[in-house]
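So the chains spell out like this:
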Amino acid sequence: MAVDYSVYLVTDSTPAILGDKDLISVVEASLRGGVTVVQYRDKHSAKEDVVAVAKKLHQLTQSYGVPLLINDRVDVAVEIGCEGVHIGQDDMEIQQARKLLGPNKIIGVTASSKEEAISACQAGADYLGLGTVYSTATKKDTKSIIGPSGVADILAALDAAGHSSIPAVCIGGVNASNASAVLAGSASPHKALDGLAVVSAIIAAADPAAASRDLLAKVITAKIPDVVAAVVQNFAANVALCVGASPIMSNYAQEAADLARLGGALVLNMGTVTPEGLNNYAQALKAYNQARRPVVLDPVGAGATSVRREAVQTLLASGTFAVIKGNQSEIQTVHGASVTQRGVDSSSSLTVPQRAQLVRSLARRRRCVVLLTGPTDLISDGRRTLRVDNGHGYLGMVTGTGCTLGTTVSAMAAAYEQDALVATVAGTVMFGVAAEMAAKRDHVRGPGSFVPAFLDELFGIRKATMQGDSTWLALAK
Ligand code: 3NM
Ligand code: MG
């Protein structure tokens, strides 16, 4: 499976960084917060101690589906059977490490220059750690401080040398407050970083889970312009089909297979539910599943009636979804709780942590992305859980905006196939920011005048992003 390098934690067991905390607990908290790779780095302890800790860490990382890499000590990685190693320029040769580890293990290499980066690629490195970005108290013997622009130069050289597909992270003095600037400043025209590597920003943090969540949110937010651009460039995504709001359902099942082959995505919106309609939904779902195109389930009013509760069960049993989107009671219904809902209006009786738990649990169970909308939107793929705090109360007062969000998310999931979670976050942030911008306009006095202004802002955001201007993202929260 492809490794997600978004938030790459390098451990440090020295008192200056770890304090009197327990390393295993800190790593556990960081995994809860969404760290996507763990590198165990201990330069000084005896081998048997390193092996003992590495075994514990590996159990932990495996339960989160996250790779564990060992710094330098290839023998330890071989002994415990973890996913790979990270080696520096002064450590073992890459080819030697490859012989010991075999072809399927991950070998990461540190590079501070174009030459080092390119030769590591040629020697078969699986990813690169670029740096040192900023001088750091964590590692005092670093060779050169290259800054984000030095990282950008290396990324551009890699691209020019035909190594554009090698994943890369950067390291050295990176934390949540400079993460966005580092990601923006290090991007070269055709190649950007895949993630950020940190030690103290997480290990020395008072709350390592929160620190990890913060960093993950920064990395995902930085990818939003790519998602928006992908949608604009991908014609197929724009034929995303919104089913359910329309009464013309009877011939739909036959059409679905052909439409699925065009690409794009399917939205199953339960705005109206009739027995015939439901049968068509199930057929369309199967056709899109077969064509491996994303399907978004929008279980409108799922908890309101027994007909709708049963319809949800039927659909869940008929296929798989890329994204399930709904308000609290809809998501609770899909999750299986019996809640009664009045009409399609939402209430948010759960706290944000409880809502986060709910989306994470449903995402795990259904193996998909879950988006729970509300004043705070919660999004999870079962592993990574994020909150989005953008939006405006007017959105909740206008029927149909929720459906539009479903369609937007489906278009993004269709165009940005590599990561449905990032696509969903992009759609949600874009929606929320557009709503905030629209509500601030002078002539907007209520939900009526809000709608056209909102559509204009969505259009403006898309256009600006295509022209390389993503300043609107400064409003993302
Ligand atoms: N390697 P912090 S800098 C482990 O430049 C390591 O290769 C570096 O620690 C390199 O995130 C570094 O606390 C330490 O600044 C990074
Ligand atoms: Mg080293």
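Above this note sits the structure.
Residues numbered from 1 in each chain as written. Chains lettered and ligands numbered in written order. Predicted model: local features only at pLDDT ≥ 70, side-chain atom pairs only at ≥ 80, totals over all residues. Heavy atoms only, no water.

Quick question: what am I supposed to make of the coordination of the magnesium ion (ligand 2) here?
Put simply, a metal with four donors set out as a tetrahedron has ideal angles of 109.5 degrees, and one with six donors set out as an octahedron has ideal angles of 90 or 180 degrees. Surrounding the magnesium ion (ligand 2) are the protein donor atoms D72 (OD) and D91 (OD), at 2.4 to 2.6 Å. With D72 in the loop between strand 3 (68–71) and helix 4 (74–80) and D91 in the loop between strand 4 (84–87) and helix 5 (94–101), this pair connects stretches of sequence that are 19 residues apart. (Donors = N, O, S within 2.8 Å, 3.2 Å for Na, K, Ca; no water. Helix = DSSP H or I, 4+ residues; strand = E, 2+ residues; numbered from the N terminus.)

Would you mind showing me how to read the packing of aromatic side chains here?
Aromatic ring pairs are described here by two measures, namely the spacing of the ring centres and the angle between the planes. For the structure on display, the rule yields five aromatic pairs. Ring centres of Y5 and Y127 lie 4.9 Å apart, and the angle between their planes is 40°; this geometry places the pair in the tilted category. Separated by 122 residues along the polypeptide, Y5 in the segment before strand 1 (7–10) and Y127 in strand 6 (residues 127–131) bring together distant segments of the chain. Note on accessibility: Y5 and Y127 belong to one class, buried. Seen from their ring centres, Y8 and Y127 are 5.7 Å apart, and the 55° between their planes marks the pair as tilted. (Phe/Tyr/Trp six-rings, centres within 6.5 Å; stacked < 30°, edge-to-face > 60°. Buried < 20%, exposed > 50% of the residue type's maximum accessible area, 1.4 Å probe, protein only.)

I'm lost on the site of ligand 1 in this one. Help?
Around ligand 1, the surrounding shell holds 13 residues, and the nearest of these are T132, T136, T138, G173 and S200. Residue V199 places a main-chain N or O atom 2.8 Å away from an oxygen atom belonging to ligand 1. The contact in question runs from an oxygen atom of ligand 1 to an N or O atom on the side chain of S200, over 2.5 Å. Burial of ligand 1 by the surrounding chains reaches 94%, relative to a free accessible area of 430 Å². (Near = heavy atom within 4 Å. Polar contact = N/O pair within 3.5 Å; in protein donor to acceptor, adjacent residues only side chain to side chain. Areas by Shrake-Rupley, 256 points an atom, 1.4 Å probe, with all protein chains shown as cover.)

Please explain the nonpolar core as it appears in this structure.
Across soluble globular proteins, nonpolar side chains show a tendency to be buried alongside one another. Counting residues in hydrophobic clusters, the biggest one holds 119 residues, and the most contacted among them are L128 and L196. Examining the composition of this core, we find that 13 residues originate from one element, helix 18 (residues 420–439), more than from any other. Not counting chain neighbours up to four residues away, the residues in contact with L196 comprise Y5, S6, V7, Y8, V169, C170, V174, A179, V182, L183, L215 and V219. Within the second largest apolar cluster, 31 residues are counted, among which are A260, L316, L358 and V370. (Core = buried A, V, L, I, M, F, W, Y, C linked by side-chain atoms within 4.5 Å. Contact = heavy atoms within 4.5 Å.)

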